[in-house]
Amino acid sequence: MLEKARGLLRPSARSAVPPFMVMDVMAAAARLEAQGRRIVHMEVGQPAVGAPATAIAAVRAALSSGPHGYTETLGIASLRRRIARAYAEWHGIDIDADRIVVTTGSSAGFMLAFLAAFEASDRVAVALPGYPPYRHILSALGCEPVWIETSADTRWSMTMETLIAQHRARPLHGVIIGSPANPTGTMMTAPALAELIRCAEDAGIAVISDEIYHGLDYAFAAESAARVSADAIIINSFSKYFCMTGWRIGWMVVPPQLVRAVERLQQNLAISVPTLSQIAAEAAFDGRAELEKVKQGYEENRRILLEGLPRAGFNSFLPVDGAFYLYVDVSRFSTDSFEFATRMLEQAGVAATPGVDFDPLHGRKFLRLCYAGAREDMREAIERIGSWLSKKNWLKE
Ligand SMILES: Cc1ncc(COP(=O)(O)O)c(C=O)c1O
């Protein structure tokens, strides 16, 4: 018989990263649904629809002809070539397919990029508000995330001045840029992005550009760091524009001198990326017509919310440029957006993510709403929020 566990194993200090609060909101919403309540979901950042039909058909066909063993560590050659071709189609630039690395979602891309480019204790700048795993993965790997606050004055993005000020205070080794950004949905203009990258690289700061929301831009076209610098690491994914979150597949564009390091890391960390997901991803490029329709749906949702939310009482939010997020300032109602989101979920039946996940400094004033859902859900959310906020005593109920 196996001996009772003696509790010898303790979680390491590096594993003590904060949880992702959106998961707590999802769990609370699921509990209410189990009681029979209808909940409008605006908390999770993922498309409501699945992979394009071309991807599904390719996987169906592949299933009848196995075996689906490991692939080359850097990814199936034809997929790497197809991704490289996309840069010519989207951005008019030639990218050598040898620089493309297929990854298990962009999440794995971050791990590979941080391990390949940084030493433990290196300082890497991240914008606040920003995607929490940037900070948490860096900490788990022993790097130091350095917060850079953003504000309305700079369209809620990091600037050359704020980056260099931090660098002068204590040298930075890297910076992560995201445009369109999560949670804000804001974007950097092409000149602002180019200026930031050039300034960072002139100062010896490595640039990692998270382009996972490319393809989902409404206010103006998103610029790729690949057009500005061959030294930047670009991270992208099939999760958002291609509607393939659960397939766990993404890619990186890596400077030539880092390709072998990333390959060695991925050989050891993952061997290769799931084969069927790679097959699906390659075929997803042929589903552009379907994906553009999905994008049009987000645009329509965005229009409905921009028109309806101010009437409902949410009249202060950041520019809604891209991705599928709206970052609402709720400070006129509450200075604790976690409590506010909890009440909105319980009383109005609308699930949203409190900003504290994304911004430990000012997130208590904000809520993130995801508009990747159905059009009717947007209308229902506006209705519900409006009638809830119009009740005098909603805060005390
Ligand atoms: C800004 C950003 N980067 C990266 C990711 C990770 O996505 P995935 O690992 O599915 O590619 C997300 C997911 O929500 C995100 O919002």
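Within each chain, residue numbers correspond to sequence positions counted from 1 in written order. The model is predicted, so local features are restricted to residues of pLDDT at least 70 and side-chain atom pairs to those at 80 or more, both for listing and for counting; the totals for chains, interfaces and linings are taken over all residues. Note: side-chain values were computed over all heavy atoms of the structure, leaving out hydrogens and water.

Draft legend 1. Structural view of the site of the ligand. Consider each residue's heavy atoms; a residue with any of them within 4 Å of a molecule or strand counts as near. Not every one of the 14 residues close to the ligand is listed here, only the nearest: Ser107, Tyr213, Ser237, Ser239 and Lys240. For this analysis, a polar contact is any N or O atom pair within 3.5 Å, provided that within protein one partner can donate a hydrogen and the other can accept it, and provided that sequence-adjacent residues contribute only side-chain to side-chain pairs. Note that a nitrogen atom of the ligand is positioned 2.7 Å from one of the side-chain N or O atoms of Asp210. In this structure, Lys240 approaches the ligand through a side-chain N or O atom, which is 2.7 Å from an oxygen atom. A 1.4 Å probe and the Shrake-Rupley method give the accessible areas. Residues count as covered only by the protein chains that appear here. For the ligand, whose accessible area on its own is 400 Å², the fraction buried by protein is 91%. According to the grid-proximity analysis, the pocket containing the ligand is the largest pocket. When residues in the shell around the ligand are grouped by element, the largest group, 4 residues, is from helix H4 (residues 105-117). Class assignment of the residues belonging to the shell around the ligand gives a composition of 5 nonpolar, 6 polar and 3 charged. Think of a 1 Å grid over just the protein atoms. A cavity is a set of points where a 1.4 Å probe fits yet cannot get out, a pocket is an open set with protein on both sides within 12 Å along at least five of seven lines, and lining residues have an atom within 4 Å of a point. A molecule is counted as occupying a cavity or pocket when more than half of its atoms fall within 2 Å of that pocket's grid points. Helix and strand labels come from DSSP, where a helix needs a run of H or I of at least four residues and a strand needs a run of E of at least two; each type is numbered from the N terminus. Gly is put with the polar residues, along with every residue not named as nonpolar or charged; the nonpolar set is Ala, Val, Leu, Ile, Met, Phe, Trp, Tyr, Cys and Pro, and the charged set is Asp, Glu, Lys and Arg.

Draft legend 2. Representation of the packing of H4 against helix H9 (residues 256-269). At a minimum axis distance of 9 Å, the contact between H4 and H9 shows a crossing angle of 125°. Of the possible angle classes, the one that applies to H4 and H9 is oblique. Judged by the twist between their axes, the crossing of H4 over H9 is right-handed. Contacts between H4 and H9 involve Leu112, Leu115, Ala116 and Ala117 from the former and Leu258, Ala261, Val262, Leu265, Gln266 and Leu269 from the latter. For the contact of H4 with H9, the per-class residue count stands at 9 nonpolar, 1 polar and no charged. Angles run from 0 to 180 degrees between N-to-C directions of axes, and those axes are lines fitted to C-alpha atoms, restricted for helices to the stretch in contact. We call two directions roughly parallel when the angle between them is under 35 degrees, roughly antiparallel when it is over 145, roughly perpendicular when it lies between 65 and 115, and oblique otherwise. The sense of a crossing depends on the near helix, which, turned anticlockwise from the far helix by less than a right angle, makes the crossing left-handed and, turned clockwise, makes it right-handed. Contact between two residues is taken to exist if any of their heavy atoms lie within 4.5 Å; hydrogens are not considered.

Draft legend 3. Spotlight on the sheet that holds strand S7 (residues 233-237). Strands are treated as partners if at least two bridges between them are detected by DSSP. Read from one edge of the open sheet, 7 strands run S2-S8-S7-S6-S5-S3-S4, paired in mixed fashion. The open sheet terminates on both sides in strands that have one partner only, identified here as strand S2 (100-103) and strand S4 (144-149). Strand-to-strand twist of the sheet, defined as the mean angle between neighbouring strand axes without regard to direction, takes the value 25°. In this structure, strand S3 (residues 123-128) lies alongside S4, joined through 6 bridges in parallel fashion. Residue pairing across strands places Ala127 opposite Ile148, the latter belonging to S4. Against the sheet, helix H7 (residues 190-202) engages strand S5 (174-178) and strand S6 (206-210), with an angle of about 170° to S5. Its contacts with the sheet put H9 on S2, S7 and strand S8 (250-253), and the angle it makes with S2 is roughly 20°.

Draft legend 4. Spotlight on the pattern of salt bridges. Any carboxyl oxygen of Asp or Glu that lies within 4 Å of a side-chain nitrogen of Lys or Arg is treated as forming a salt bridge with it. A full pass over the atoms with the stated rule returns 15 salt bridges. The residue Asp336 makes a salt bridge to Arg364 at a minimum N-O spacing of 3.0 Å. Of this pair, Asp336 sits in the loop between strand S9 (325-329) and helix H12 (337-348) while Arg364 sits in the loop between strand S11 (353-354) and strand S12 (366-370), and the two are 28 residues apart along the sequence. In this structure, Arg384 engages Glu380 in a salt bridge whose closest nitrogen and oxygen atoms are separated by 2.8 Å. Residue Arg384 and its partner Glu380 are located together in helix H13 (residues 375-390), separated by 4 residues, close to a single helical turn. Of the residues examined, Glu380 reaches a relative accessible area of 24% and is grouped as partly exposed. Through salt bridges that share partners, Arg38, Asp377, Glu380 and Arg384 make up one connected network. Per-residue accessibility, obtained with a 1.4 Å probe over protein chains only, is compared with the maximum for each type, and a residue is labelled buried under 20%, exposed over 50%, and partly exposed between these values.

Draft legend 5. Up close: the layout of surface pockets. Taken as a whole, the largest pocket holds about 540 Å³ of empty space. If you go around the largest pocket, you meet 30 residues; those closest to its centre are Phe20, Gly45, Tyr131, Lys240 and Thr245. When residues in the lining of the largest pocket are grouped by element, the largest group, 4 residues, is from H4. For the lining of the largest pocket, the per-class residue count stands at 14 nonpolar, 11 polar and 5 charged. Grid points are joined across faces, edges and corners, and a volume is the space filled by probe spheres set on the points.

Draft legend 6. Quick peek at the packing of helix H2 (residues 53-63) against helix H10 (residues 275-284). At a closest axis distance of 7 Å, the pairing of H2 and H10 adopts a crossing angle of 140°. Here H2 is positioned oblique relative to H10, judged by the angle of their axes. In this structure, H2 meets H10 at a crossing whose hand is right-handed. Taken together, the residues of H10 that come into contact with H2 (itself represented by Thr54, Ala55, Ala58, Val59, Ala62 and Leu63) are Leu276, Ile279, Ala280, Ala283 and Ala284. For the contact of H2 with H10, the residue count by class is 10 nonpolar, 1 polar and no charged.

Draft legend 7. Geometry of the environment of Arg343. As for its position among the elements, Arg343 is in helix H12. Taking the C-alpha atoms as reference, Arg343 lies 9.9 Å from Trp388; in sequence the two are 45 residues apart.

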